[in-house]
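A look at the structure
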Amino acid sequence: MNPETLRYNSSHEWVGIVEENGEQIAIVGITDFALEQLTDLVYMALPQVGTQLSAGDEFGEVESVKAVSPLYCPVDGQVVEVHQELVDNLEQLAQDPFGSGWIIKLRVGGNVSLDNLLDYDAYRKQCAEA
Amino acid sequence: MAIDQSMLEFTDRTGQVVLRFYEWLVPTVSLGYFQSLSQRHDHTESKALEIVRRATGGGAIVHHYDWTYSVSVPGRLLFNYSDQKRSRQDIGASPHLYNALHDSIVEWLQREGVPAQKWASNGAPEKLPSDTCRCAFLCFERRALGDVVVGQHKVLGSAQRRLGGSILQHGSILISRSTFAPSLVGLTELGVATSLENLKEGFTQSIRIGFEQAFAVSLPQVDSVFQALGLEKHELSKSKFHRPEWLNSR
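Each chain carries its own residue numbering, running from 1 in the direction its sequence is written. All chains are assigned letters beginning at A, and all ligands numbers beginning at 1, according to the order in which they are written. Only residues with pLDDT of at least 70 get local features here, since the model is predicted, and only at 80 or more are side-chain atom pairs given and counted; chain-wide, interface and lining totals rely on the full set of residues. Heavy atoms from the whole structure form the basis of all side-chain values; hydrogens and water molecules are not counted.

**As for the nonpolar core**
Side chains of nonpolar character tend, in soluble globular proteins, to be buried together. Buried residues of nine kinds, namely Ala, Val, Leu, Ile, Met, Phe, Trp, Tyr and Cys, make up a nonpolar core once their side-chain atoms join them within 4.5 Å. Relative accessible area decides the class of each residue, using a 1.4 Å probe on protein chains only: under 20% of the type maximum gives buried, over 50% gives exposed, and in between gives partly exposed. If you look at the biggest cluster of nonpolar residues, it comprises 32 residues, and the most contacted ones within it are Ile105(B), Leu109(B), Ile173(B), Phe203(B) and Phe211(B). Secondary-structure elements contributing two or more residues to this core are strand 5 (66-73), helix 2 (75-80), helix 3 (95-111), strand 7 (148-150), strand 8 (153-163), strand 9 (166-174) and helix 5 (196-215) of chain B. Elements are defined by DSSP. Helices are runs of H or I of four residues or more, strands are runs of E of two residues or more, and each kind is numbered from the N terminus. If you tally residues by element for this core, the top one is helix 3 of chain B, at seven residues. Contact definition: two residues touch when any of their heavy atoms are within 4.5 Å. Not counting the four nearest positions on each side in its chain, Phe203(B) is found in contact with Phe21(B), Trp67(B), Tyr69(B), Ile105(B), Trp108(B), Leu156(B) and Ile173(B). Listed in part, the 28 residues of the second largest apolar core include Leu38(A), Leu53(A), Leu90(A) and Ile104(A).

**Quick word on the interface of chain B and chain A**
Opposite the 25 residues of chain B that make contact, chain A presents 28 residues. Put simply, buried area is how much 1.4 Å-probe accessible surface two parts lose in total, over both of them, once they are put together. With both sides pooled, the region where chain B packs onto chain A buries about 2,200 Å², and carbon together with sulfur makes up 56% of that total. Salt bridges are defined as contacts in which a side-chain nitrogen from Lys or Arg sits within 4 Å of a carboxyl oxygen from Asp or Glu. Applying the counting criterion to the chain B and chain A interface returns three salt bridges. Between N or O atoms, a polar contact is any pair within 3.5 Å; within protein, one atom must be a potential hydrogen donor and the other a potential acceptor, and residues adjacent in sequence are included only when both atoms are from side chains. Linking chain B to chain A there are eleven residue pairs in polar contact (both at pLDDT 80 or more). Tallied by class, the residues present in the side of chain B that touches chain A amount to nine nonpolar, eight polar and eight charged. Across two bridges, strand 7 (residues 67-72) of chain A lies against strand 8 of chain B in parallel orientation. Bridge pairing in strand 8 of chain B places Ala67(A) opposite Gln160(B). Nonpolar residues are Ala, Val, Leu, Ile, Met, Phe, Trp, Tyr, Cys and Pro. Charged residues are Asp, Glu, Lys and Arg, and all others, Gly as well, are polar. For two strands to count as paired, DSSP must find a minimum of two bridges between them.

**Side note on the pairing of strand 9 of chain B**
All names here are of chain B. Burial runs high along strand 9: nine of the nine residues are buried. Looking at chain direction, strand 8 and strand 9 are connected through eight bridges and run antiparallel. The residue of strand 9 that forms the bridge with alanine 159 is histidine 170. Hairpin remark: strand 8 followed by strand 9, antiparallel, with two residues in the connecting loop; positive phi at glycine 164, about 60°.

**What to know about the sheet that holds strand 2 (residues 13-20) of chain A**
Residue and element names in this part refer to chain A. As summarised here, the arrangement of the six strands in space is 1-2-3-9-8-5, forming an open sheet in which the pairing is antiparallel. Two strands in the sheet have a free side with no partner beyond their single neighbour: strand 1 (7-8) and strand 5 (52-53). In the sheet, strand 8 (residues 77-82) pairs with strand 9 (residues 104-107) via four bridges, with the strands oriented antiparallel. Its bridge partner being in strand 9, glutamate 81 is matched across the sheet by lysine 105.

See below:
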């Protein structure tokens, strides 16, 4: 995914909307900036396929060396795929956070709203102000 | 554990700091959030003990001759008093909070004549094998940057959990060797000479003062954590921490 075309939570999750088999699918991950802050990831917990999520819900957790942090869902939708391989290979997340490091996919309605999310410039500005 | 979680939720809701000290009524193992319950069976000395799962990560702690603290801190304080970029970002650890309390404990122990230092700080002992650092069942057999050690022995470890912008930090100081974790030594075996009463006073004051100085706040003294949280004890009985599925979640 091209980071410049994605939308972002202020809590560092990204989302991109794609069409798969005629359905609107939201692909969700966490940003390179978040990974830099987390430093060494130790564990990750992910939701089950079928879980219904609303924007702002916790959908998973990551443990870095000294902290457990929740991951927040950026959009409403139903989990249709979970990148389970990541759990055993967290390095993949750090290597390609906007590509092969995606975390979950959600089926979203055709009118999914991204208006409450940050665009690339706004997200980068938030990170730069830290 | 349910009280600690309530503290974090209270702090995230109200913006108020809560600091708590506690001991355990019976010897108990607390598992780190991501630890597998099945791992406890490999630690034969403690496998008959009561067991709970923490909301914070890291290794298991045998709570017997240790003292525990927890503190919940709102995002506004972490934002205002952090010199670390990552503490402002709502994800990952807050080194500022972590260091504030651990530095204060190190200074106190040194005043007591105990040569404490933070792991991997200048003059720290050489690193243990990497599997000891990461994978040991017991928290006190692991080493991470900033742990308080005396020689090779870890005596204080802490871990954090985030909720929104707020953080719960939970930590334990090892006072004496327990028959349920005989591989570990505490401050008593490491030569601390003061009475237990003075030791406890020094511990609680160090945590409190370390926090107050690092965040430029004064914490009011409240006798009951339930009073501080505006909670009735029975309200916690429905908490997820009491349910078997929480303990068995991994």
